[in-house]
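The chain contents come next:
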Amino acid sequence: NDNLAQVQHVVLVLSGKGGVGKSTITTELALALRHAGKKVGILDIDLCGPSIPRMLSVGRPDVHQCDLGWVPVYTDAEKSLALMSIGFLLDDPDDAVVWRGPKKTALIGQFVSDVAWGELDVLLVDTPPGTSDEHLAVLENLKKHKVDGAILVTTPQAVSTGDVRREITFCKKTGLRILGIVENMSGFACPHCSECTNIFSKGGGEDLAKLTGSVFLGSVPLDPLLSASIEEGKDFIQSFPHSPTFSAITSISHTLLNSLQAA
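Residues numbered from 1 in each chain as written. Predicted model: local features only at pLDDT ≥ 70, side-chain atom pairs only at ≥ 80, totals over all residues. Heavy atoms only, no water.

Per an unreviewed UniProt entry, the recorded name for the chain is Nucleotide binding protein 2 (MinD homolog, E. coli), and the organism is Myripristis murdjan. According to the UniProt record, the Sequence similarities (unreviewed entry) comment for the chain is "Belongs to the Mrp/NBP35 ATP-binding proteins family. NUBP2/CFD1 subfamily." In UniProt, the chain has this text filed under Function (unreviewed entry): "Component of the cytosolic iron-sulfur (Fe/S) protein assembly (CIA) machinery. Required for maturation of extramitochondrial Fe-S proteins. The NUBP1-NUBP2 heterotetramer forms a Fe-S scaffold complex, mediating the de novo assembly of an Fe-S cluster and its transfer to target apoproteins. Negatively regulates cilium formation and structure." (UniProt positions renumbered as here; feature names shortened; annotations may be inferred.)

K.L.:
Quick one: what's the story with the environment of V7, residue by residue and with numbers?
P.N.:
Its location among the elements puts V7 in strand β1 (residues 7-14). Sequence separation of V7 and H145 is 138 residues, and the distance between their C-alpha atoms is 9.6 Å. Not counting residues up to four positions away in its chain, the partners in contact with V7 are W117, G118, L120, L123, H145 and K146. (Helix = DSSP H or I, 4+ residues; strand = E, 2+ residues; numbered from the N terminus. Contact = heavy atoms within 4.5 Å.)

K.L.:
Any chance you could break down the pairing of strand β8 (residues 149-154) for me, citing the residues and the numbers?
P.N.:
Here β8 lies mainly inside the structure; six of its six residues are buried. The side-chain alternation of β8 yields two buried faces, one formed by G149, I151 and V153 and the other by A150, L152 and T154. Where β1 meets β8, four bridges bridge the pair, whose relative direction is parallel. Considered in β8, the bridge of V11 is made with G149. Where β8 and strand β9 (residues 178-183) come together, five bridges link them in parallel fashion. (Buried < 20%, exposed > 50% of the residue type's maximum accessible area, 1.4 Å probe, protein only. Pairing = 2+ DSSP bridges.)

K.L.:
How would you explain the sheet that holds strand β5 (residues 73-74) if you had to name every residue and give the values?
P.N.:
Read across the sheet, eight strands follow the order β5-β6-β2-β7-β1-β8-β9-β12 without closing on themselves; strand pairing throughout is mixed. Each end of this open sheet is capped by a strand with a single partner; those strands are β5 and β12 (216-219). Contacts from helix α1 (residues 22-35) reach β1, β2 (40-44), β6 (81-85), β7 (120-126), β8 and β9, with the element oriented near 170 degrees to β7. Of the strands in this sheet, β1, β7, β8, β9 and β12 touch helix α11 (residues 244-262), which is tilted by about 170 degrees from β12. (Axes fitted to C-alpha atoms, helices over the stretch in contact; angles between N-to-C directions.)

K.L.:
So, α11: which residues are in play, and what are the values?
P.N.:
For α11, spanning 19 residues, the distance from its first C-alpha to its last is 29 Å, which sits close to the expected 27 Å at 1.5 Å a residue. Looking at α11, one finds that the buried residues are T245, A248, I249, T250, I252, S253, L256, L257, S259 and L260. (Expected span 1.5 Å × (residues − 1).)

K.L.:
An account of α1 is requested, with residue identities and associated values reported.
P.N.:
Along an α-helix, residues three or four apart share an orientation, since each turn contains 3.6 residues. When the terminal C-alpha atoms of α1 are compared, their 20 Å separation across 14 residues agrees well with the 20 Å that a helix rising 1.5 Å per residue should span. For α1, the tally of buried residues reaches eleven of 14 residues, placing the bulk of the element in the interior. Burial in α1 covers these residues: K22, S23, I25, T26, T27, E28, L29, A30, L31, A32 and L33. Trailing α1 by a residue or two, G37 shows a phi angle of about 85 degrees, which is positive.

K.L.:
Got a sec to walk through the packing of α1 against α11? Specific residues and values, please.
P.N.:
Packed helices, taken two at a time, are described by the angle their axes make and the gap between the axes. Following both chains from N to C, one finds α1 and α11 inclined at 75 degrees, their axes separated by 9 Å at the closest point. When the axes of α1 and α11 are compared, the pair comes out roughly perpendicular. Residue-level contacts link I25, E28, L29, A32, L33 and H35 of α1 to T245, F246, I249, T250, I252, S253, L256 and L257 of α11. Among the residues making up the contact of α1 with α11, the classes are represented as nine nonpolar, four polar and one charged. (Parallel < 35°, antiparallel > 145°, perpendicular 65-115°, else oblique. Nonpolar A, V, L, I, M, F, W, Y, C, P; charged D, E, K, R; others polar.)

K.L.:
Describe unusual backbone geometry, and please don't skip the residues or the numbers.
P.N.:
For K79, which is not a glycine, the phi torsion comes out positive at approximately 55 degrees. Structurally, K79 can be placed in the loop between β5 and β6. Taking the relative accessible area as the measure of exposure, K79 reaches 44% and is therefore partly exposed.

Given below as structure tokens:
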């Protein structure tokens, strides 16, 4: 069976290190694509703390199997946003953090090919930070089908952009197309007025894109109202369109769709 046969585009979301908001960007991109009328899936294979289920308020649902494999969890009645997280399948997600490589890669390999996605316009794959065997396992399994490319998430500080250079090398070595670079936490959107202040240096992502001949997809501000909506368990999906992040992510999602269609 080929569970990805009806998936039009597969995009990996990568970051050189943790803490750059990769899962947040994945979630926001999925919501923006859904706003653009697309059917979207998120495959969350970040074993070290799957945060996407929390952002989308799905908790830890019982995951069912059908003839084709695991059935994803839908966040809406129209089934326009499907989510499958490795966290759903583990009795104790904390256990997985101490697993040895081969066990992780076997689980990830199986997981990637065993989700019954049905028809999707875009499947976003949220990966663990770094460039490890786990990434290779994901790539090998997805490449049997197809992978359109990767989005690299960085923050403005130089050290984070240094980590992204390793990601770029990884992509080149594995023949993975770089769809573009997103600079996250680029400025602070004040919750009281609409000012956006640059707390960190700005432009790291753009410089890096120029340097490596990659597309700069855009920058996304730190948005405390959106962060608070997750912490308080409020509806992130409802809060998202009203946040300063929304226009930034919307323009990134349009650029992404154009480059996917151009490929």
